[in-house]
Amino acid sequence: MSGFLKHKSLPLITQVVIISLVSISSFGDNLTSKWGLDWYGYYEGKNLNDRVVDPTNQIFELPYASVVSDFRPDGKFSFGSFDLRVQPRWEFTEDWIGYTDGARVSKAHGYFDFSQIYLNWTASDIFMFSFGLQNYQWGPAEMLSPSNGLIHFSTSQRSLIWVEPGHWLGRINISFGKNWSLIGIEELIDNRKPAWIAGSSFSPRGLVKFEYRTDDGTNYLGMTAGGSGDNNLQSWVGEYATYSPLESLSIYIDARQVRGSYAYYPETVGNFVQMQQSLYTSNQIYGLTETGLRYEGRVDSRIEYIQNDIGYTREDFTQAVRGASQLSPFLPTNLPKFLHPGLELYSQHYLYGSIRIPDLGKKKLYTVIARCLYSITDSSSTYSASIQRIWGDYVNLFLEASYLTGENNTELGFINEAELMAGMRLSF
Amino acid sequence: MKTRLFFSILCLVFATTSVAAPSADLLLKDSDRSRGGNLKGITWDIEIKTEDDGEVNTRDFSVKAKGVDALVEATSPARNKGEIFLFNDRAMWFLKPGLRKPVSISARQKLSGQAANGDIASTNYVGDYDGKITKTEKIDGVDTYVLELKAKAKNVTYDQIRYWINSTSHLGVKAEFLTLQGMILKRATFEYNNHINHEGQSIPFVSKMNIIDAKFSKNKSAITYMNPKEEAHPASLFNINNVNR
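Residues numbered from 1 in each chain as written. Chains lettered and ligands numbered in written order. Predicted model: local features only at pLDDT ≥ 70, side-chain atom pairs only at ≥ 80, totals over all residues. Heavy atoms only, no water.

Structural notes on the interface of chain A and chain B
Link 1 in the chain: Of the residues lining the interface, 59 residues belong to chain A; the matching set on chain B comes to 39 residues.
Link 2 in the chain: Of the roughly 3,800 Å² buried between chain A and chain B, counting both surfaces, carbon and sulfur atoms make up 39%.
Link 3 in the chain: Counting across the interface, chain A meets chain B through five salt bridges.
Link 4 in the chain: With its nearest N and O atoms 2.6 Å apart, the salt bridge here joins Lys76 of chain A to Glu73 of chain B.
Link 5 in the chain: Between chain A and chain B we count 27 residue pairs in polar contact (both at pLDDT 80 or more) in total.
Link 6 in the chain: Of the residues assigned to the side of chain A that touches chain B, the class counts are 16 nonpolar, 18 polar and 25 charged. (Contact = heavy atoms within 4.5 Å. Buried area = accessible area lost by both parts, 1.4 Å probe. Salt bridge = Lys/Arg side-chain N within 4 Å of Asp/Glu carboxyl O. Polar contact = N/O pair within 3.5 Å; in protein donor to acceptor, adjacent residues only side chain to side chain. Nonpolar A, V, L, I, M, F, W, Y, C, P; charged D, E, K, R; others polar.)

Structure representation (structure tokens):
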């Protein structure tokens, strides 16, 4: 339990909660509130591969088995044009960790955190203001949201138990009806999650987003531009759009372009590899583009192609793994830079496919989802499948499995090769 | 003289009849209003009770609707609580706690059972369909006009509707929803035990819609409409960028 209540920004969150609750509760009888609670209990087992990076498991301490109890209350308080959303999270985990010397230990830890806590003020039909810890995302693609440079991809985000960590955002939405939007977002305070680019410190960052939707809501086009005054986030321009030529068919794109790259790349220095920001001063324009095709009939299926110009080549990745695993004067600095290089995805080209089949079975209680991500760059891939079953009004049972293929110096093959999760969600 | 008198009376009868018979558009406009259409906006709670092959399910939602747009929040059962559906005409967006971003879903996906999305949002038959009065009929002792409605565009919930409207109150009492080929998909009846204040007047408002699958009569849904009130909803309420996640 050593990590219990370890959230560093808790005092700030506490202040926001208390001030917001006191302000809103002063509205008395006109205050409305809605509460919900989800409890997740699940077992997760991993079959770990022989890794090149941290082969003894002394650094990452990846568990081969975990049991998790995760409470997720969700509160909404409303008065007039004000809304307060409070989503705390309280998780307990028991991990079983194995090392290559045969030692096995179990470790229990827990934490209390907030996924979201924000206050929203609808000032008029046109203006809306929001401040707090929140998850605000958009985009038609399933895998990435390149036009949103503030929130980055996580390998776990497709999991059934994933919760996107909130960001401390100040946001203004200017709406002209339901078709036109102009949105300004500023990330003002560090949310204390690991830096996206290793070694960089937080500084405020922001973006503006402009969007148009057709009257029937099926086609839309958005443009973004953003950046930071500091070197922890590159300035970018982004675009996203969806077009539906038929009711069940849509094609879409989500992209961003940057000048140069702040990401770390492996460079040979003598006999060693050092991770360096090699393209920092480059004037070349690089793109991260995700294009997709979606068919939604009885089954919801997608296929997406991702082009990541600033990603690693096969040779780059092999070198980066070498830099993060071989003894050298640069090893201590290489490892964090390899883990957090400032890239949404490591490789340059991917194919992604997913299929979702809801309402299966005679009583329509089952939902099945299958996904595959294939790195064209190094031929590694990850397959995942999940099945969910409704069990009465309060319970959802779920089973999720993933399998990674590829050599242990490839992007998707180098951590673990198989994972199984089974559990339940209990809702009140 | 007798002949002239007879023609005069006949003319008077025809004239009276033509004045008394309202247009299809007027009937639809009036009937829509009591189902949430042609208002500044409507807020209501609904319960959808679905019977599918003997399996009974109940789901509750709170709805804010205006024209072709609706913001729908699931309130029960617990496993669905907090799920949000935003209808922008034929486009539908789905959000739920923990979901990374809003996901667009096909309008073909229904919220529950036989209830189409168009049954949950406000009704706008006068805007979506070309109507024609084809005959009059008595339904449970009530005089009705029978209207044949044909979709003006492909993107509406149903291709064709046969609609029985009370000739006195102008309330829709019964409907058959048909395919383009004229095959009946579903049948529905309506009850009006609610009232709302509209422009200073209390008007009857839909309280229940019973829907039965035309092929499998065991499959049915009952939508109960509760606490309806006319409220002006700004268009920006139905902008997906403004929906709290």
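A word on the environment of Arg205 of chain A
Link 1 in the chain: The topology assignment puts Arg205 of chain A in strand β8 (residues 205-213).
Link 2 in the chain: Remark: the alpha-carbon pair of Arg205 of chain A and Gly227 of chain A, spanning 22 residues in sequence, is separated by 5.7 Å. (Helix = DSSP H or I, 4+ residues; strand = E, 2+ residues; numbered from the N terminus.)

Focus: the pattern of salt bridges
Link 1 in the chain: With the rule as written, the count across this model stands at 28 salt bridges over all chains.
Link 2 in the chain: With a shortest N-O distance of 3.4 Å, Arg294 of chain A and Glu296 of chain A are connected by a salt bridge.
Link 3 in the chain: According to the relative accessible area criterion, Arg294 of chain A is buried, its value standing at 4%.
Link 4 in the chain: Under the relative-accessibility criterion, Glu296 of chain A is labelled buried at 7%.
Link 5 in the chain: Taking the shortest distance from any N to any O, the salt bridge between Glu176 of chain B and Arg187 of chain B comes out at 3.5 Å. Highlighted residues: Glu176 of chain B in strand β10 (residues 172-178) and Arg187 of chain B in strand β11 (residues 184-191), separated in sequence by 11 residues.
Link 6 in the chain: Connected through salt bridges with shared partners, the residues Asp70, Arg72, Arg89 and Glu91 of chain A form a single ionic network. (Buried < 20%, exposed > 50% of the residue type's maximum accessible area, 1.4 Å probe, protein only.)

Digging into the environment of Leu169 of chain A
Residue and element names in this part refer to chain A.
Link 1 in the chain: Structurally, the position occupied by Leu169 is in strand β6 (residues 167-176).
Link 2 in the chain: Accessibility expressed as a relative area gives 2% for Leu169, which makes it buried.
Link 3 in the chain: Residues Leu169 and Asn191 lie 22 residues apart in sequence; the distance between their C-alpha atoms is 9.8 Å.
Link 4 in the chain: Not counting the four nearest positions on each side in its chain, Leu169 is found in contact with Ser130, Phe131, Gly132, Gln134, Tyr136, Leu150, Ile185, Glu186 and Glu187.

Details of helix α2 (residues 24-33) of chain B
Link 1 in the chain: Burial in α2 of chain B covers these residues: Ala24, Leu27, Leu28, Asp30, Ser31 and Asp32 of chain B.
Link 2 in the chain: On its buried face, α2 of chain B is in contact with α4 (125-128), β7 (129-139), β8 (142-151), β9 (160-166) and β10 of chain B.

Considerations on unusual backbone geometry
Residue and element names in this part refer to chain B.
Link 1 in the chain: The omega angle of the peptide bond from Ser76 to Pro77 is 0°, so this bond is cis rather than trans.
Link 2 in the chain: One can find Pro77 in the loop between β3 (69-76) and β4 (84-88).
Link 3 in the chain: Its identity is not glycine, yet Asp140 carries a phi of approximately 50°, on the positive side.
Link 4 in the chain: Along the chain, Asp140 turns up in the loop between β7 and β8.
Link 5 in the chain: Taking the relative accessible area as the measure of exposure, Asp140 reaches 80% and is therefore exposed.
Link 6 in the chain: Phi at His170 takes a positive value of approximately 60°, unusual for a residue other than glycine.
Link 7 in the chain: Residue placement: His170 occurs in the loop between β9 and β10.

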